[in-house]
Amino acid sequence: MIHRILSKICKIITPKYGNYALLVWKNRLRNSFLKDKEHKYLFILSPPYCGSTLLNQLISTSKSVSVNNQVNTREGQRVPTLSKLMFDHTRRWDSTLDYDWRFVNKEWLKYWDLKAAILLEKSPPNIVRAKSIEKYFQPAFFLIFYRNPYAHCESLIRRNNKDPAKAAEFAIQCLNYQKINILELKSQKLQVSYELLTEQTESTVKMMTDLLPELSDMNYEKEFTAKNSHSKEMKISNLNQEKIDNLTLKEREAINSVFIKNIDTLNFFGYQLIQSTKNHY
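The notes below deal with the structure included here. (Residues numbered from 1 in each chain as written. Predicted model: local features only at pLDDT ≥ 70, side-chain atom pairs only at ≥ 80, totals over all residues. Heavy atoms only, no water.)

Some details on unusual backbone geometry
Then, in step 1: That bond from Gln138 to Pro139 is cis: its omega, -5°, falls within 30 degrees of zero.
Then, in step 2: Position of Pro139 among the secondary structure elements: in the loop between helix H6 (130-136) and strand S4 (140-146). (Helix = DSSP H or I, 4+ residues; strand = E, 2+ residues; numbered from the N terminus.)

Quick word on helix H8 (residues 164-184)
Then, in step 1: In this model, H8 (21 residues) spans 30 Å end to end at C-alpha, consistent with the 30 Å of a helix rising 1.5 Å per residue.
Then, in step 2: Taken residue by residue, H8 has Pro164, Ala167, Ala168, Phe170, Ala171, Ile172, Cys174, Leu175, Tyr177, Gln178, Asn181 and Ile182 as its buried positions.
Then, in step 3: The backbone nitrogen of Ala165 has a side-chain oxygen 3.1 Å away, supplied by the residue at the start of H8, namely Asp163. (Expected span 1.5 Å × (residues − 1). Buried < 20%, exposed > 50% of the residue type's maximum accessible area, 1.4 Å probe, protein only. Polar contact = N/O pair within 3.5 Å; in protein donor to acceptor, adjacent residues only side chain to side chain.)

Notes on the sheet that holds strand S1 (residues 40-45)
Then, in step 1: Strand order in the open sheet formed by five strands is S2-S3-S1-S4-S5, and the pairing between neighbours is parallel. Edge strands, defined here as strands with exactly one partner in the open sheet, are strand S2 (65-67) and strand S5 (188-193). Strand-to-strand twist across the sheet, computed as the mean angle between neighbouring axes with direction ignored, equals 20°.
Then, in step 2: Here S4 pairs with S5 via six bridges, running parallel. Counted as the bridge partner of Phe145 is Val192 from S5.
Then, in step 3: Across the sheet, H8 lies against S1, S4 and S5, angled at about 145° from S4, the strand it touches most. (Pairing = 2+ DSSP bridges. Axes fitted to C-alpha atoms, helices over the stretch in contact; angles between N-to-C directions. Contact = heavy atoms within 4.5 Å.)

Some points on the packing of helix H7 (residues 149-160) against H8
Then, in step 1: Across the interface, H7 lies against H8 with an axial gap of 9 Å and an inter-helix angle of 130°. Judged by the angle between their axes, H7 and H8 are oblique. Handedness of the H7/H8 crossing: right-handed. Here Pro149, His152, Cys153, Leu156 and Ile157 of H7 lie close against H8, whose contacting residues are Pro164, Ala167, Ala168, Phe170, Ala171, Cys174 and Leu175. (Parallel < 35°, antiparallel > 145°, perpendicular 65-115°, else oblique. Left-handed = near helix turned anticlockwise from the far one by under 90°.)

Notes on the nonpolar core
Then, in step 1: The biggest cluster of nonpolar side chains holds 47 residues, and the ones touching the most others in it are Phe43, Leu45, Trp101, Trp108, Phe142, Ile255 and Phe259.
Then, in step 2: Broken down by secondary-structure element, the contributors of at least two residues to this core are S1, helix H5 (101-108), H6, S4, H7, H8 and helix H12 (249-259).
Then, in step 3: When residues in this core are grouped by element, the largest group, nine residues, is from H8.
Then, in step 4: Setting aside residues no more than four positions away along its own chain, Trp101 makes contact with Met86, Trp108, Asn126, Arg129, Ser132, Ile133, Tyr136 and Phe137.
Then, in step 5: One finds Leu58, Phe141, Phe145 and Leu197 within the second-largest nonpolar core, a separate group that totals 28 residues. (Core = buried A, V, L, I, M, F, W, Y, C linked by side-chain atoms within 4.5 Å.)

Some thoughts on helix H10 (residues 201-211)
Then, in step 1: Those residues of H10 not exposed but buried are Thr201, Thr204, Val205, Met208, Thr209 and Leu211. The arc that holds every buried residue of H10, seen down its axis, measures 155°, which confines them to one face. Along H10, the residues that are exposed and aim more than 90 degrees away from the buried face are Glu202 and Asp210.
Then, in step 2: Looking at the buried residues of H10, the elements they touch are helix H3 (52-59), S4, S5 and helix H9 (194-199). (Arc of directions from axis to C-beta.)

Brief notes about the pattern of salt bridges
Then, in step 1: As enumerated under the stated definition, the model contains nine salt bridges in all.
Then, in step 2: Between Lys131 and Glu184 there is a salt bridge, with its nearest N and O atoms 2.5 Å apart. Remark: Glu184 occurs in helix H8 and Lys131 occurs in helix H6; sequence separation between them is 53 residues.
Then, in step 3: Overall, Lys131 belongs to the partly exposed group, its relative accessible area being 40%.
Then, in step 4: Among the ionic pairs, Glu154 bridges to Lys243, the shortest N-O distance being 3.2 Å. Highlighted residues: Glu154 in helix H7 and Lys243 in helix H11 (residues 240-246), separated in sequence by 89 residues. (Salt bridge = Lys/Arg side-chain N within 4 Å of Asp/Glu carboxyl O.)

Looking at the packing of H8 against H12
Packed helices, taken two at a time, are described by their axes: the angle between them and the distance between them.
Then, in step 1: The N-to-C vectors of H8 and H12 enclose an angle of 40°; their axes lie 8 Å apart at closest approach. Classed by the angle they form, the pair H8 and H12 counts as oblique. As H8 runs across H12, the sense of the crossing is right-handed. Where H8 abuts H12, its residues Pro164, Ala165, Ala168, Glu169 and Ile172 lie against Glu251, Ala254, Ile255, Val258 and Phe259.
Then, in step 2: For the contact of H8 with H12, the residue count by class is eight nonpolar, no polar and two charged. (Nonpolar A, V, L, I, M, F, W, Y, C, P; charged D, E, K, R; others polar.)

Some details on the state of the cysteines
Covalent bonding between the sulfur atoms of two cysteines is what defines a disulfide.
Then, in step 1: Overall, the coordinates contain zero disulfides when judged by the stated rule.
Then, in step 2: The cysteine Cys50 is free of any disulfide, with Cys174 supplying the nearest cysteine sulfur at 6.9 Å. (Disulfide = S-S within 2.5 Å.)

Next comes the structure, spelled out in structure tokens:
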């Protein structure tokens, strides 16, 4: 009852950001008593359209976790006070651009519930600024997440209307950033592929629990609402082949024209070229 009343008041006062305002007010009241509580920062480092929402939803089944910006995309880059800075389409993937992380954290703390031991964040462009994030947020833990690049390209083509070759270039660029993160981040980290998560879910959950024992109550058997081509709640499952089969012969050829120049990157992550065949149109 109180929640509904506060929600209506927030929507009257700030109609555009009613749900945000309610969350901020609730957290501000609660968090004022929790300023000195110690937390662990968990960053999902993942390119867009690689299954990070599914991973985020899985982790947030734990009562020890607070999700950043849960009323929207579960991404800190989209909170109202930061979106112009961090969701700038012209620069957010510019690796030379860095942020004032003190200010960013100040805003994020308005959206995290500080009762939780683990504060979770998953904005995709974080993959290009992970070392900068590591310097400011302590203790920081990283899940370095990636997906079969053909499936990644299919999503970029279908959802962003990207040219297939451009999609392939972006997919390789993301894998190269992740390679740097795997090799150079000094904080505790775990390398997890979408394929491992969806095909060996129980063992993947065990690895995450080994990294952060607070996650021991995660529920991987429930159905999740993460975006997928079926637009419905689903148990964790691998949708890669369906996506790859959606690629036309022409799209595959354009993608392979890029991938063939980046075999070392594919090999590093255990992926191989998929030859174009005439039975895919």
